[in-house]
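# Coordinate analysis (summary)
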Amino acid sequence: MQAGLPMGIENFKEMRARGYYYADKTGMVRELMNHMGKVNLFTRPRRFGKTLNLSMLKYFFEIGCDDTLFKGLEISGEKELCARCMGKYPVISISLKGVSGRRLEEAKGMLRRMVTEEAQRFEFLMHSSRLSHTEREQYRALVRVNQTGSFSMDDELLKDSLRMLSRFLHKHYSQQAVILIDEYDVPLDKAYHAGYYDDMMELLRGLFSQALKSNDSLYFAVLTGCLRVSKESVFTGLNNFKVYTVQDVRYQEYFGFTDSDVRKMLAYYGLVQHYDEIREWYDGYRFGDTGIYCPWDVINYCADLRDGNAVKPQNYWVNTSSNDIIRQFVDKAKASTRKEMEVLIDGGSIKKEIHQELTYRDLDSRIDHLWSILFTTGYLTQRGSDGDLTELVIPNREIHTIFVRQIREWFAEETEKDSHRLERFCRAFEENNIAAIEEGFTSYLKKSISIRDTNVKKERKESFYHGILLGIFGHMDGWDVRSNAEAGDGYCDIAIEVEDARIGIMIELKYAENARFDAACDEAAKQMRERNYAELLIDDGMETIFQYGIACYKKRCKVVSVCMMDKYDG
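This is a predicted model, so every value here is computed, not measured.

### Some words on the overall build of the protein chain
Assigned secondary structure in the protein chain consists of 22 helices and 15 strands. Considered along the principal axes of its C-alpha atoms, the protein chain spans approximately 100 × 55 × 50 Å. Counting every position in the protein chain, which comprises 570 residues, the buried fraction comes to 55%. For the protein chain, long-range pairs separated by at least 24 residues make up 71% of all intrachain contacts whose partners lie at least 6 apart in sequence.

In structure tokens, the structure reads:
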């Protein structure tokens, strides 16, 4: 019987105990013990296995560890290391990904809950003979819940909570504690957008400083997050601090799937025939000098293939958040930046200085900082470096689609601002005014972000122009606009019915390779005639029908009127 795919499962014990498929990342334990810093921060984009890795570390190091969870995995071959470290340490493990709120007090309440619930795992401390009476009372304060069900620790106790808990565990077990903190930067992100950033910064600075700096009860700590927030802002004074970003070689293979991981998974599930499409859509990241796939995407697509829910790749990763950063970037981009965006969308690269340490106030203060955020959050990846400059590219087909979608939305909003110009352009289609259509569409293309003549597939280039026209036409009242409409013996790119005027409009778009506009227009015209696209509009009762072939290349176009059927009477 095949193992199930771990859809959304981030608990290592659950994954192993229930027999889910696991891409072995336990070699990370060996690397951590051989190259350990006192405090280790790993920054990776979301959905690349940070939480699962921290869960794996917890179940490996924690006293009372079930060693059968690691049977047959890479780390089990390290006999001396396992004998020395497996199940030997008290472990404090918290996740801050749920710490949010519209107000500071809401976020504080969530943080208190997380710390208290973790402390409640160690109720034996309440009666430990190795703790003094005062220390047992201090522990009770950490886990106390008031009559309303709220967690009662005040701000000062909250800041000292992890240090205190590690000290109590150290005394009870005569062994220093391991501290694991997942998604450390989420509360800062939420606070920044909600307007209480300074207060949250002060709270987390106190929590981290006391737990991670000069804490004699700390063996080591591991933190994860998306961003490397400035050490001077939240990790003040931590000199024992090691940071591993997507640019570092060490630990490069432990977050995300390597090509080997993907090939093994596809072979296991009998899906090897989908390797090329999975690579096109979900590969392309580069951590250190290793190629990496987004594991969330690969797992979800494999699951959909097995269940029969998908026949082609879908957008999984980009649909797990709002992707506001892309839109924020496009809104701020000036003409020169949009040219760089065109290069990226074309499959090219640009070189930028990446700022690894930022405060949240810095994030959108300069367009250069937004390049850095796009890189660290996974919307761009690296292809090498040249001194202080990093070569950036869009990693794969999935991320390409979100760039194009956000650009289209921005373009549609910009277009709507000039309603008179929009109206003139669209009415030109009703009037069979070829010159006005060409002039208007070319003008729009010059203001948009285009696609150049690179190795991007022709169908995707045509789809880009298709999307621009749909965005423009969508603003017209009284127009019924259909995309890829079934018509005659095929599917027409765009079909429009202007019901009040009984006018039907058919549009077929072609990409004019190497600026061969005439050939592309001829191809469009031939296709519309041979496939009888006009039948759709005739059947719907349109009396005047216009058919247009439009050829596009970079930011130019040519339009031909294929034929006009006037006052069709059947």
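What follows continues from the structure just given.
### Digging into the side chain of Thr 51
Within the secondary structure, Thr 51 sits in helix H3 (residues 50-61). Side-chain polar atoms of Thr 51 contact the side chain of Lys 97, separated by 3.2 Å. Setting aside its immediate chain neighbours within four residues, Thr 51 contacts Glu 10, Lys 97, Asp 182 and Glu 183.

### Re the sheet that holds strand E4 (residues 218-225)
If you trace the five strands from one edge of the open sheet to the other, you get E2-E3-E4-E1-E5, paired in parallel fashion. With partners counted over all chains shown, the strands left at the sheet margins are strand E2 (91-95) and strand E5 (241-244), one partner each. Ignoring strand direction, the axes of neighbouring strands in this sheet form an average angle of 15 degrees. Judged from the five bridges that link them, strand E3 (residues 177-182) and E4 form a sheet pairing that is parallel. Within the sheet, the bridge partner assigned to Leu 180 lies in E4 and is Val 222. Contacts from helix H9 (residues 197-212) reach strand E1 (39-43), E3 and E4, with the element oriented near 145 degrees to E4.

### A word on unusual backbone geometry
Among all residues save glycine, negative phi is the norm, and among peptide bonds the norm is trans. We note that Ser 214 has phi near 55 degrees; this positive angle belongs to a residue other than glycine. Counting through the fold element by element, Ser 214 comes out in the loop between H9 and E4. Positive phi, normally seen in glycine, also occurs at Asn 484, with a value near 50 degrees. Turning to its location among the elements, Asn 484 is positioned in strand E11 (residues 479-487). Its relative accessible area of 45% is what places Asn 484 among the partly exposed residues.

### Details of the layout of surface pockets
Of the pockets and cavities examined, the second largest pocket occupies roughly 700 Å³. What lines the second largest pocket is a set of 24 residues, and nearest its centre among them are Arg 397, Thr 401, Arg 408, Arg 460 and Ser 463. Elements with a contribution of two residues or more to the lining of the second largest pocket: helix H17 (397-417), helix H20 (458-473) and E11. Take the lining of the second largest pocket: its biggest share by element is eight residues, from H20. Each residue belonging to the lining of the second largest pocket can be placed in one class, and the counts come to seven nonpolar, nine polar and eight charged.

### Describing the sheet that holds strand E8 (residues 350-353)
The three strands lie next to each other as E8-E10-E9, forming an open sheet whose pairing is antiparallel. Either end of the sheet is taken by a strand with one partner, and the two such strands are E8 and strand E9 (381-386). Each adjacent strand pair in this sheet contributes to an overall mean axis angle of 40 degrees, direction not counted. Sheet analysis places E8 next to strand E10 (residues 389-393), joined by four bridges and oriented antiparallel. Paired with Ile 350 across the two strands is Leu 392, which belongs to E10. Contacts from helix H16 (residues 367-376) reach E8, E9 and E10, with the element oriented near 105 degrees to E8.

### Overview of the pairing of E3
In summary, the side chains of a regular strand alternate between the two faces of the sheet. Along E3, six of the six residues are buried, which leaves the element largely enclosed by surrounding structure. Burial of E3 is two-sided: the residues Ala 177, Ile 179 and Ile 181 facing one way and the residues Val 178, Leu 180 and Asp 182 facing the other way are all buried. Sheet topology note: the E2/E3 ladder contains five bridges and is parallel. From the neighbouring strand, Ile 92 faces E3, where its bridge partner is Ile 179.

### With respect to the nonpolar core
In this structure, Phe 473, Ile 507 and Ile 550 are the most contacted members of the largest nonpolar core, which totals 102 residues. The contact partners of Phe 473, leaving out residues within four places of it in the chain, are Phe 425, Cys 426, Phe 429, Trp 479, Val 481, Ile 494, Ile 496 and Ile 507. Counting residues in each nonpolar core, the second largest holds 57 residues, with Ile 179, Tyr 184, Tyr 197 and Ala 221 among its members.

### Observations regarding a nonpolar patch on the surface
There is a patch of nonpolar side chains on the surface, built from Ile 63, Phe 124 and Tyr 173 and spanning about 220 Å² of accessible area. With respect to the secondary-structure elements, Ile 63 resides in the loop between H3 and helix H4 (79-85). Classification of Ile 63 as partly exposed rests on a relative accessible area of 31%.

### Digging into the packing of aromatic side chains
A ring pair, where both rings are aromatic, is described by two values, the distance of the centres and the angle of the planes. Applying the stated rule across the entire model yields 41 aromatic pairs. On the basis of an interplanar angle of 55 degrees and a centroid distance of 5.3 Å, the ring pair of Tyr 21 and Tyr 268 is categorised as tilted. Placement of Tyr 21 in the loop between helix H1 (12-17) and helix H2 (27-34) and of Tyr 268 in helix H11 (residues 259-269) is noted, with a sequence separation of 247 residues between them. Under the relative-accessibility criterion, Tyr 21 is labelled buried at 15%. Overall, the relative accessible area of 34% leaves Tyr 268 in the partly exposed class. Ring centres of Phe 517 and Tyr 553 lie 6.4 Å apart, and the angle between their planes is 85 degrees; this geometry places the pair in the edge-to-face category. Note that Phe 517 is positioned in helix H21 (residues 517-530) and Tyr 553 in strand E14 (residues 544-553), a separation of 36 residues in sequence. When sorted by exposure, Phe 517 lands in the same class as Tyr 553, which is buried. Aromatic rings pair up to connect Phe 12, Tyr 22, Phe 60, Phe 61, Phe 70, Tyr 89, Tyr 219 and Phe 220 into one cluster. Here Arg 44 stacks its cationic end above the ring of Phe 287, 5.2 Å away from the centre of that ring. Looking at Arg 47, its charged tip hangs above the ring of Trp 296, at a distance of 4.0 Å from the centre.

Cut-offs used in this document
Residues numbered from 1 in each chain as written. Predicted model: local features only at pLDDT ≥ 70, side-chain atom pairs only at ≥ 80, totals over all residues. Heavy atoms only, no water. Helix = DSSP H or I, 4+ residues; strand = E, 2+ residues; numbered from the N terminus. Buried < 20%, exposed > 50% of the residue type's maximum accessible area, 1.4 Å probe, protein only. Contact = heavy atoms within 4.5 Å. Polar contact = N/O pair within 3.5 Å; in protein donor to acceptor, adjacent residues only side chain to side chain. Pairing = 2+ DSSP bridges. Axes fitted to C-alpha atoms, helices over the stretch in contact; angles between N-to-C directions. 1 Å grid on protein atoms, 1.4 Å probe; cavity = no way out; pocket = protein on both sides within 12 Å on 5 of 7 lines; lining within 4 Å. Points joined across faces, edges and corners; volume = space filled by probe spheres on them. Nonpolar A, V, L, I, M, F, W, Y, C, P; charged D, E, K, R; others polar. Core = buried A, V, L, I, M, F, W, Y, C linked by side-chain atoms within 4.5 Å. Patch = residues over 30% accessible without salt bridge, like charges linked within 9 Å, V, L, I, M, F, W, Y side chains within 5 Å. Areas by Shrake-Rupley, 256 points an atom, 1.4 Å probe, with all protein chains shown as cover. Salt bridge = Lys/Arg side-chain N within 4 Å of Asp/Glu carboxyl O. Phe/Tyr/Trp six-rings, centres within 6.5 Å; stacked < 30°, edge-to-face > 60°. Lys NZ or Arg CZ within 6 Å of the ring centre and 35° of its normal.

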